Amino acid sequence: MTKVIMHGCNGHMGKVISELCANDADVEIVAGIDLDTEENFGYPVFANIMDCDVEADAIIDFSVAVAVDALLDYAKEKNTPVVLCTTGLSEEQLAKVEEVSKDVAILKSANMSLGINTLMKLLKMATEVLADRGYDIEIVEKHHNQKLDAPSGTALALADVINETKDNRYEYVYDRSQKREKRSENEIGLSAVRGGTIVGQHDVIYAGTDEVIEIQHTAYSKAVFGKGAIDAAKFLAGKGPGMYDMSDVID
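Residues numbered from 1 in each chain as written. Predicted model: local features only at pLDDT ≥ 70, side-chain atom pairs only at ≥ 80, totals over all residues. Heavy atoms only, no water.

## Digging into helix 6 (residues 223-236)
Move 1: The end-to-end C-alpha distance of helix 6, which contains 14 residues, comes to 20 Å, matching closely the 20 Å that a straight helix rising 1.5 Å per residue would cover.
Move 2: Most of helix 6 is tucked away: 10 of the 14 residues are buried.
Move 3: Looking at helix 6, one finds that the buried residues are Ala-223, Phe-225, Gly-226, Gly-228, Ala-229, Ile-230, Ala-232, Ala-233, Phe-235 and Leu-236.
Move 4: Just downstream of helix 6 lies Gly-238, where phi reads positive at about 85°. (Helix = DSSP H or I, 4+ residues; strand = E, 2+ residues; numbered from the N terminus. Expected span 1.5 Å × (residues − 1). Buried < 20%, exposed > 50% of the residue type's maximum accessible area, 1.4 Å probe, protein only.)

Here it is, written out as structure tokens:
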């Protein structure tokens with residue numbers, strides 16, 4: 001059985017994952033970390049991760065960016081692998097993730113959904129065929145009105161897949177309202193919509209002459225992300241130092 005610490009246990013995703021784990025015989029949450037220390041699922045909850053003295057095989061993180069530095073320090077000190085799902089990290093934090101991964105296994109993914117990670121493979125294929133044939137590329141993402149970062153980490157990850165497929169030739173454009181000029185060929189537009197309780201929708205648009213191709217992924221429940229995170233924790237338990245992603249779990 002894989003023993004897990006849930007970092008951000010009393011947030012929405014933390015509760016979703018706790019419920020999923022309660023019905024999974026192969027994984028157990030043995031401790032939680034949250035400023036709200038209410039014990040909703042029967043395991044101890046610590047406000048400060050450094051106070052957690054419970055041994056675990058992996059940590060699942062769905063928290064906020066400001067909490068990630070302490071998480072990385074703890075993971076390094078305890079040599080505990082981390083499934084890092086928090087988005088909106090600064091450049092300094094991303095550099096710290098890379099540095100800590102030299103000592104402990106870290107699986108970082110902007111989106112834990114199996115569908116999104118399959119979509120990334122499809123985007124590589126579509127970009128190879130369409131990018132050099134005059135198709136403009138746009139990404140539109142939609143999320144609930146409580147989401148803090150925009151564009152979403154997943155939208156940026158999708159753009160990165162497209163960009164890396166074509167040797168990083170694209171510029172990302174987030175706001176066209178500040179200049180009046182035609183779009184260039186080598187840009188990817190990223191647009192964010194925030195409203196209601198939209199769990200997550202990502203549309204990748206390849207717009208050519210007299211033809212538009214759209215590839216869409218829609219999440220109807222946060223459970224899809226939770227299931228992926230649990231699978232990732234099971235995969236990461238016992239792994240040596242290094243950076244991993246969901247493609248390693250899928251493969």
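## With respect to the environment of Phe-225
Move 1: Within the fold, Phe-225 resides in helix 6.
Move 2: Between the alpha carbons of Phe-225 and Leu-114 there is a distance of 8.3 Å; along the sequence they are 111 residues apart.
Move 3: Excluding anything up to four places from it in sequence, Phe-225 contacts Met-13, Phe-62, Asn-111, Met-112, Ser-113, Val-199 and Ala-219. (Contact = heavy atoms within 4.5 Å.)

## So, the packing of helix 4 (residues 114-130) against helix 5 (residues 153-165)
Move 1: Here helix 4 crosses helix 5 at 35°, and the two axes come no closer than 9 Å. For the element pair helix 4 and helix 5, the recorded crossing hand is right-handed. Residue-level contacts link Ile-116, Leu-119, Met-120, Leu-123, Lys-124, Thr-127 and Glu-128 of helix 4 to Thr-154, Ala-157, Leu-158, Val-161, Ile-162 and Thr-165 of helix 5.
Move 2: When its residues are assigned to classes, the contact of helix 4 with helix 5 shows eight nonpolar, three polar and two charged. (Axes fitted to C-alpha atoms, helices over the stretch in contact; angles between N-to-C directions. Left-handed = near helix turned anticlockwise from the far one by under 90°. Nonpolar A, V, L, I, M, F, W, Y, C, P; charged D, E, K, R; others polar.)

Nothing here speaks to function; it is all geometry.
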